[in-house]
Amino acid sequence: MGAGKTSAARTAGSLLGVAPLDADAELERELGMPIPQFFERHGEPAFREAEERVVGELLERTSGGVIALGGGSLVSDRVRAALRRHRAVLLDVDVDTAWQRAGGRGRPLARDRVRFEELHAERARLYQQAADVVIPAGERAALQHALPSLASLDEAPAGTRLLWATSASGDYPVYVGRGLVGSGFWPPAAGAAPRRFCVTDETVGGLYAEALGDLEALLAIPPGEEQKTLARAEEVLRALARAGLTRADQVVALGGGVVGDLAGFCAATYQRGVAVVQVPTTLVAQVDSAYGGKTGVDIPEAKNYVGAYHQPAAVLADPAVLASLPEAERAAGYAEVVKTALIAGEPLWERVREGAAGDEDDVIFACARTKLGIVAKDERDAGARQALNLGHTVGHAIEQATGYARYRHGEAVALGLLAALRLSGQDRLRDQVRELLEARGLPVRLDADPDAVLEAVARDKKRVGAGSVPFVLVEAPGEVRVGCAVPDAEVTAAVRELAA
Ligand SMILES: NC(=O)c1ccc[n+]([C@@H]2O[C@H](COP(=O)([O-])OP(=O)(O)OC[C@H]3O[C@@H](n4cnc5c(N)ncnc54)[C@H](O)[C@@H]3O)[C@@H](O)[C@H]2O)c1
C-alpha cells in the first residue's frame with residue numbers, strides 16, 4: 001500500500017507500449033463493488049478467497065505485459081506460485097512514506113497506524129522473497145531508466161535479480177546472479193558496446209578474467225591491501241592511457257574491495273571520470289564495497305584518505321565466484337553481513353541470526369538493497385550513510401593500532417561491532433552477535449594492546465575536530481543512531497573488555 005503500483009504500471013505500460021492490467025480493478029469487476037465495500041460487508045477472509053481466485057487466474061493465464069498486483073495478494077500460496085512465471089518488481093517503499101501516501105484514507109487495512117506498520121513488516125518478508133527486481137518507489141525517472149536493464153534480465157542467467165541503485169549523482173543497475181561471470185552477459189549501454197579495460201589482482205585475474213570474454217586490456221596488480229596506494233594507482237592510470245582508454249570505454253574492476261576501490265579511483269580520476277563496472281569477487285565486496293561509489297587509496301598516514309565518490313555504471317555480483325574464496329576471507333565478509341543486518345533489522349536480521357544455510361545469494365541481495373537504500377538518501381556521508389560505519393570506529397582503531405597487518409578489515413569490524421553493542425547497552429544482542437561471529441571463526445577477543453587502540457580512537461577524535469568521536473549506536477536491530485557522543489570512560493571499558 002502506498003508504493004504507487006498502479007501509476008508505476010501505467011508508466012511502464014506506456015513506455016513499453018502495452019495496456020497495463022490492474023489486479024485490484026479486475027477484482028472489483030468480479031466482486032461487483034469497490035474493495036472497501038466488499039471488505040465491510042463480507043470480511044477479510046471472504047475477500048482474500050476471492051482475491052486468490054481472481055489474481056491467481058490472472059497470473060496463470062497472462063504472459064507478457066504489465067500487471068499491478070494488489071498488496072495483500074502475495075499472502076496466498078497460489079498467487080506466489082503463479083507469480084514465479086513472471087518477473088516480479090518490488091517498488092521499495094519505507095513505512096513512513098507508505099503511511100503518508102495510503103494511511104487514514106478509508107482503505108480497510110490502512111486506518112490504524114500501528115496495524116499498518118505491523119502489516120508492512122509482515123509483508124516485507126514476502127515481498128522481498130518474491131522480488132526479482134527492486135526499484136525505489138515513487139520515482140518515475142528511476143522506473144524509466146531501469147526498464148532496459150529489466151528487459152536485459154532475459155539475457156542473464158536464470159535467477160539473476162536486479163536492484164536499481166539511485167543516488168544524487170546518478171542511478172545504475174546492480175545484477176546479482178549465480179553464473180553471471182562467464183555467461184557472456186553484460187549490462188546494456190546506450191549506443192555501441194563499450195570496449196572493456198579490466199583491472200584485477202593477480203589471484204582473481206588468474207581465476208576469472210578469461211570468463212569475462214573480450215577485453216581490450218587486462219591489468220593485474222599484486223593482491224593485498226598494501227597495493228591500495230597512490231603509486232599503484234598512477235601505474236594503473238598510465239597503463240590505461242597506454243592501452244588507449246577513452247571516455248567511450250569502461251573500466252572493469254574485477255576483484256575484492258582493494259581492486260574495487262583502486263580501479264574505481266582510477267576511473268574517477270582518469271580524464272576526470274570514465275565509466276566503471278564493478279565485478280566484486282569477495283563477500284566484503286558483494287555485500288558492501290562494490291556499491292555506493294566510495295573509491296580511493298591509502299596513504300602512509302591513514303587508510304582511505306585519498307579518494308572520490310564515483311558511482312559505478314553497473315555492478316555484476318556473481319555469488320558463484322565466492323566458491324574459490326579462502327574461508328578466512330569469507331568470514332571477514334560475514335562481519336559486514338552481520339553489520340548490515342543489524343542496520344537493516346527484520347527480515348534480514350532474523351535470517352542472519354538464524355544462520356539460514358543455503359540462502360547466501362539472498363543475503364547478498366538483501367545486504368546490497370540495504371546499503372543502496374541508505375546511499376540513496378545520503379550519498380556523501382552527511383548523515384544517514386554514517387550508519388554504515390557501525391562497528392568501524394573501534395574497528396579502524398584496531399586496524400591502525402596493529403599496523404593493518406594483524407587483522408583483516410572484516411575481522412577488525414567484528415571486534416568493533418562488539419564494542420559498539422556494549423556502548424549501546426545492548427548486552428543480550430552483544431552475546432548473540434558474539435556467538436554468530438565466533439561460529440564463523442572471527443576473532444571476538446582483541447589480541448593487541450587496548451591502550452594503543454584507545455590512542456587510535458583518540459586520534460580519530462582530533463580528526464573529527466568535534467571534541468568527541470561520533471559513534472554509531474544500536475537501539476535494536478533496524479534502529480541505529482548516528483553521531484552519538486559516548487563518555488571516554490565507557491569507550492575505555494568497552495575496548496579493555498575486548499582484550500580481557
Ligand atoms: N568502498 C567501500 O565502500 C568499501 C567498503 C568496505 C570495504 N572497503 C575496502 O575493501 C577492502 C577490503 O576488501 P576485501 O575484503 O574484498 O579484500 P581484497 O580485495 O584484498 O580481497 C581479499 C583477498 O581475496 C582474494 N580474492 C578475491 N576474490 C577471490 C575469489 N573469488 N577467489 C579467491 N580469492 C579471491 C584477493 O586476491 C585477496 O587476496 C579494504 O581496502 C576496504 O577499505 C571499501
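Before any of the text, the structure's been laid out above.
What this report covers is the structure whose coordinates are included nearby. Because the structure is a prediction, the values reported are computed rather than measured. (Residues numbered from 1 in each chain as written. Predicted model: local features only at pLDDT ≥ 70, side-chain atom pairs only at ≥ 80, totals over all residues. Heavy atoms only, no water.)

## What about the overall build of the chain?
Point 1. The helix and strand inventory of the chain stands at 19 helices and 15 strands.
Point 2. In terms of overall size, the chain behaves like a compact globule, its C-alpha atoms giving a radius of gyration of 24 Å where 500 residues would be expected to give roughly 23 Å.
Point 3. Taken over the C-alpha atoms alone, the chain extends approximately 70 × 55 × 40 Å along its principal axes.
Point 4. Burial analysis of the chain (500 residues in total) assigns 52% to the buried set. (Helix = DSSP H or I, 4+ residues; strand = E, 2+ residues; numbered from the N terminus. Rg over C-alpha atoms; globule rule 2.2 N^0.38 Å. Buried < 20%, exposed > 50% of the residue type's maximum accessible area, 1.4 Å probe, protein only.)

## So, the pattern of salt bridges
Point 1. A complete count under the given rule lists 39 salt bridges for this structure.
Point 2. Of the charged contacts in the structure, one is a salt bridge between Arg-408 and Glu-329, with a shortest N-O distance of 2.9 Å. Highlighted residues: Arg-408 in the loop between helix 15 (392-401) and helix 16 (409-423) and Glu-329 in helix 12 (residues 327-344), separated in sequence by 79 residues.
Point 3. Given the relative accessible area of 32%, Arg-408 is considered partly exposed.
Point 4. The salt bridge involving Glu-360 is made with Arg-330; its shortest N-O contact spans 2.8 Å. With a gap of 30 residues between them, Glu-360 in helix 14 (residues 360-377) and Arg-330 in helix 12 connect regions that are remote in the sequence.
Point 5. Classification of Arg-330 by relative accessible area gives buried; the value is 17%.
Point 6. Counted as one network, the salt bridges with shared partners bring together Glu-225, Lys-228, Asp-261, Asp-298 and Lys-303. (Salt bridge = Lys/Arg side-chain N within 4 Å of Asp/Glu carboxyl O.)

## Side note on the site of the ligand
Point 1. The full set close to the ligand counts 26 residues, and Asp-201, Glu-225, Gly-257, Thr-282 and Ser-324 are the nearest of them.
Point 2. At 2.8 Å, a side-chain N or O of Lys-303 approaches an oxygen atom of the ligand.
Point 3. In this structure, Asn-304 approaches the ligand through a side-chain N or O atom, which is 3.4 Å from an oxygen atom.
Point 4. For the ligand, the accessible surface in isolation is 870 Å², of which the surrounding protein chains cover 89%.
Point 5. Only helix 8 (202-209), helix 10 (257-269), helix 11 (283-289) and strand 12 (302-309) provide two or more residues apiece to the shell around the ligand. (Near = heavy atom within 4 Å. Polar contact = N/O pair within 3.5 Å; in protein donor to acceptor, adjacent residues only side chain to side chain. Areas by Shrake-Rupley, 256 points an atom, 1.4 Å probe, with all protein chains shown as cover.)

## Remarks on a nonpolar patch on the surface
Point 1. Taken together, the side chains of Leu-15, Leu-16 and Val-18 make up a nonpolar region of the molecular surface, amounting to roughly 230 Å² of accessible area.
Point 2. Assessed through its relative accessible area of 36%, Leu-15 is described here as partly exposed. (Patch = residues over 30% accessible without salt bridge, like charges linked within 9 Å, V, L, I, M, F, W, Y side chains within 5 Å.)

## Topic: the nonpolar core
Point 1. Ranked by size, the top nonpolar core spans 76 residues in total, and within it Val-174, Tyr-291, Val-338, Leu-342, Ile-398 and Leu-446 carry the most contacts.
Point 2. The element contributing the most residues to this core is helix 16, with 10 residues. (Core = buried A, V, L, I, M, F, W, Y, C linked by side-chain atoms within 4.5 Å.)

## A few points about helix 10
Since the α-helix packs 3.6 residues into each turn, any two residues three or four apart lie on the same face.
Point 1. Taking 1.5 Å of rise per residue, the 13 residues of helix 10 would be expected to cover 18 Å, and the 18 Å separating its terminal C-alpha atoms lies within 8% of that figure.
Point 2. Judged by how many residues are buried, helix 10 sits mostly within the fold: 12 of 13 residues are covered.
Point 3. Of all the residues in helix 10, the buried ones are Gly-257, Val-258, Val-259, Gly-260, Asp-261, Leu-262, Ala-263, Gly-264, Phe-265, Cys-266, Ala-267 and Ala-268.
Point 4. Following helix 10 by one or two positions, Gln-271 adopts a phi angle in the positive range, close to 45°. (Expected span 1.5 Å × (residues − 1).)

## Points about the sheet that holds strand 6 (residues 172-176)
Point 1. One open sheet holds the nine strands; their spatial order is 3-4-5-6-13-10-9-7-8, and the pairing between them is mixed. The two strands at the open ends of the sheet, each matched to only one other strand, are strand 3 (89-92) and strand 8 (217-221). If you compare each strand with its neighbour and ignore which way they point, the axes differ by 20° on average.
Point 2. As defined by bridge partners, strand 6 adjoins strand 13 (residues 314-317) across three bridges and the pair is classed as parallel. Paired with Val-176 across the two strands is Ala-317, which belongs to strand 13.
Point 3. Contacting strand 3, strand 4 (133-136), strand 5 (161-165) and strand 6, helix 7 (residues 140-152) runs over the sheet at an angle of about 155° to strand 5. (Pairing = 2+ DSSP bridges. Axes fitted to C-alpha atoms, helices over the stretch in contact; angles between N-to-C directions. Contact = heavy atoms within 4.5 Å.)

## What about the packing of helix 12 against helix 17 (residues 427-439)?
Point 1. Packing of helix 12 against helix 17 leaves a shortest axis separation of 11 Å and a crossing angle of 150°. Classified by the angle between their axes, helix 12 and helix 17 sit roughly antiparallel to one another. For the crossing formed where helix 12 meets helix 17, the hand is right-handed. Here Tyr-334, Ala-335, Val-338 and Leu-342 of helix 12 come into contact with helix 17, specifically with Leu-429, Val-433, Leu-436 and Leu-437.
Point 2. When the residues that make up the contact of helix 12 with helix 17 are grouped by side-chain class, the tally is eight nonpolar, no polar and no charged. (Parallel < 35°, antiparallel > 145°, perpendicular 65-115°, else oblique. Left-handed = near helix turned anticlockwise from the far one by under 90°. Nonpolar A, V, L, I, M, F, W, Y, C, P; charged D, E, K, R; others polar.)

## Let's talk about helix 8
Point 1. Considered for burial, the residues of helix 8 that qualify are Val-204, Gly-205, Tyr-208 and Ala-209. Projected onto a plane normal to the axis of helix 8, the buried residues spread over an arc of 100° and lie on a single side.
Point 2. On its buried side, helix 8 packs onto strand 7 (196-201), strand 8 and strand 9 (250-255).
Point 3. Sitting at the amino-terminal end of helix 8 is Asp-201, which places a side-chain oxygen 3.0 Å from the backbone nitrogen of Thr-203. (Arc of directions from axis to C-beta.)

## Comments concerning the side chain of Gln-286
Point 1. Residue position: Gln-286 is located in helix 11.
Point 2. Apart from residues no more than four positions distant in its own chain, Gln-286 is found in contact with Pro-280, Thr-281, Tyr-291, Ala-317, Asp-318, Pro-319, Val-321, Leu-322 and Ile-364.

## What about the packing of aromatic side chains?
Point 1. Throughout the structure, instances matching the rule amount to four aromatic pairs.
Point 2. For the pair Phe-39 and Phe-47, a centre-to-centre distance of 5.1 Å together with 50° between the ring planes defines the contact as tilted. The residues Phe-39 and Phe-47 share a single accessibility class, namely buried.
Point 3. Considering the side-chain rings of Tyr-175 and Phe-185, the 4.9 Å spacing of their centres and the 70° angle between planes classify their relative orientation as edge-to-face. A residue pair is termed long-range when its members are at least 10 positions apart, and Tyr-175 in strand 6 and Phe-185 in the loop between strand 6 and strand 7 qualify at 10 residues.
Point 4. By relative accessible area, Phe-185 is classed as buried at 6%.
Point 5. Within the aromatic cluster, the residues linked to one another by ring pairs are Phe-38, Phe-39 and Phe-47.
Point 6. Over the face of the ring belonging to Trp-186 we find Arg-196, whose NZ or CZ atom lies 4.4 Å from the ring centre. (Phe/Tyr/Trp six-rings, centres within 6.5 Å; stacked < 30°, edge-to-face > 60°. Lys NZ or Arg CZ within 6 Å of the ring centre and 35° of its normal.)

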